[in-house]
Structures are given as structure tokens and as C-alpha cells.
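# Residue-level structural notes
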Amino acid sequence: MKSLLLAAAVSALSLPALAESFAFGEPAPAAEATRTVEVLLKDIAFEPSSLQVKAGETVRFVLINEGQLPHEFNLGTKAMHVDHQKEMLAMQGKIFNATAEAGGHGGHGGHGGDEVHAHGEGNTVLVQPGQRGELTWTFRGAEAIEFACNVPGHYQAGMVGPLNIE
Ligand SMILES: [Cu+2]
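As a starting point, this report considers the structure included with it. (Residues numbered from 1 in each chain as written. Predicted model: local features only at pLDDT ≥ 70, side-chain atom pairs only at ≥ 80, totals over all residues. Heavy atoms only, no water.)

## Quick notes on the overall build of the chain
Assigned secondary structure in the chain consists of 3 helices and 10 strands. For the chain, the α and β elements follow one another from N to C terminus as α-β-β-β-β-β-β-α-α-β-β-β-β. Within the span of the chain, comprising 166 residues, buried residues form 37% of the whole. Taking the contacts inside the chain whose residues are at least 6 apart along the sequence as the reference set, 77% of them involve residues at least 24 apart. Carbon and sulfur atoms provide 57% of the accessible area of the chain, an area that totals close to 9,300 Å². (Helix = DSSP H or I, 4+ residues; strand = E, 2+ residues; numbered from the N terminus. Buried < 20%, exposed > 50% of the residue type's maximum accessible area, 1.4 Å probe, protein only. Contact = heavy atoms within 4.5 Å. Areas by Shrake-Rupley, 256 points an atom, 1.4 Å probe, with all protein chains shown as cover.)

This is the structure in C-alpha cells:
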């Protein structure tokens, strides 16, 4: 009996340790989503331009980059986006190298080319032109946040929208 309880406690602990959580929630497996929302990433805008969710809800965002530029879907407060823009500026070269690689020879397979955005904490996905990405999030609290693209210059050009948590 005692060992069963211990096993349960250990398995419960091992899952959330993978991802950081925020006041507005944490990443979740896609299978737990109760709703799927499609967001188009364009040069340079989001469609839709605002999002509405409920506290406690797990939403799977399907992100379709219809533009010619890499775009990001990043959930965070305004302050988090400002910080993230500094990081993105520092790694700008890496983004464009990744673009070149994605357009290069195929056929290697199994290399997982979508893991470019390695500094992410689960609240961001970088989507290359013509590609799709996904992000599933369980929303907490009732804090107004923003979904934004922090590729240098894009946030300033208006690639940001309000995300309200009811
Ligand atoms: Cu962008």
C-alpha cells in the first residue's frame, strides 16, 4: 500500500517538472485540450487579432505561417515580451540560419527541425514560412496577456494582440 502511494506521488511529480508555469497558466499536452483555435501568422499580423479564453480552459493553438518570414506565437505579459525581444535580437542570426536549413536538402528525416527556438519555456513557438506549429496551454487566473511575435521589429509593427482570460 505504502509503495503504491509512493509510486503515484513520484509519477505525479515527474510530469510538471518539464515545463515552467506562469501566473497565467502552463503548457499542457495537446491531448488535454478542450478547444482548438487556428491562428494565421502573416507578414506582419495575426488573424484573428485578439483572443478570448476562460480560466481553467486548455486550448490547443494551431499556428499556420502564411507569410514569407519566420513568425512567433508567444504568450506573455507585455513585460515578458519586452524581455523576449532582447533575446530574439541576440539570436537573430540563428533564426535566419534555421530558415536556410529548412529550405535545404530534405531526406534526412527524424531530425525534428522545429526545435530551433531552444530558449523557449513552453510559452512560445517559432514557425518558419509555410510551416505549421502548435502550442497547447492551460490558462489560469484572469490576467490580461498578449500573444505576440517577437521576431525583431514585428511586435513594433503591430504583430501583437490582446488575450483576455475570463
Ligand atoms: Cu512576426
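## Looking at helix H2 (residues 78-90)
An ideal rise of 1.5 Å per residue puts 18 Å on 13 residues; H2 measures up with 19 Å between its terminal C-alpha atoms. Residues His 81, His 84, Gln 85 and Met 88 constitute the buried set of H2. With its buried residues spanning 115° around the axis, H2 presents them on a single face. Exposed side of H2, more than 90 degrees from the buried face: Ala 79, Lys 86 and Ala 90 are the residues found there. (Expected span 1.5 Å × (residues − 1). Arc of directions from axis to C-beta.)

## Details of the sheet that holds strand E2 (residues 35-42)
Pairing within the open sheet is mixed, and its 5 strands lie in the order E1-E8-E5-E2-E3. Strands at the two margins of the open sheet, each flanked by one partner only, are strand E1 (25-27) and strand E3 (45-47). Across the sheet, the axes of successive neighbouring strands diverge by a mean angle of 30°, strand direction being ignored. (Pairing = 2+ DSSP bridges. Axes fitted to C-alpha atoms, helices over the stretch in contact; angles between N-to-C directions.)

## Re the sheet that holds strand E10 (residues 160-165)
One open sheet accounts for 5 strands, arranged E4-E10-E9-E6-E7; its pairing is mixed. Of all strands in the sheet, those with a lone pairing partner are strand E4 (51-53) and strand E7 (124-127), marking the two edges. Strand after strand, the sheet turns through a mean of 20° between neighbouring axes, direction not considered.

## Side note on the coordination of the copper ion
Protein coordination at the copper ion comes from His 71 (ND1), Cys 149 (SG), His 154 (ND1) and Met 159 (SD), with a distance range of 2.0 to 2.6 Å. In this structure, the copper ion is surrounded by 4 donor atoms whose angles at the metal cover 89 to 133°, and the resulting shape is tetrahedral. Of note, the donors binding the copper ion are all from one chain and are spaced H-x77-C-x4-H-x4-M. Placement of the pair is His 71 in strand E6 (residues 71-76) and Met 159 in the loop between strand E9 (145-148) and E10, with a sequence separation of 88 residues. (Donors = N, O, S within 2.8 Å, 3.2 Å for Na, K, Ca; no water. Tetrahedral: all angles 85-135°; square planar, octahedral: opposite > 155°, others 65-115°.)

## Thoughts on the packing of aromatic side chains
Enumeration over the complete set of coordinates arrives at 8 aromatic pairs. Taken together, a centroid distance of 5.9 Å and an interplanar angle of 35° make the contact between Phe 73 and Phe 147 tilted. With Phe 73 in strand E6 and Phe 147 in strand E9, this pair connects stretches of sequence that are 74 residues apart. Three or more aromatic residues joined by ring pairs form one cluster here, namely Phe 46, Phe 61, Phe 73, Phe 139 and Phe 147. (Phe/Tyr/Trp six-rings, centres within 6.5 Å; stacked < 30°, edge-to-face > 60°.)

## Topic: the pattern of salt bridges
Once the charged atoms of two side chains with opposite charge are near each other, the side chains can pair. Within this structure, the stated rule accounts for 5 salt bridges. Among the ionic pairs, Glu 47 bridges to Lys 42, the shortest N-O distance being 2.6 Å. The exposure class of Glu 47 is partly exposed, given its relative accessible area of 40%. Across the pair Lys 78 and Glu 146 runs a salt bridge whose closest N-O atoms are separated by 2.9 Å. (Salt bridge = Lys/Arg side-chain N within 4 Å of Asp/Glu carboxyl O.)

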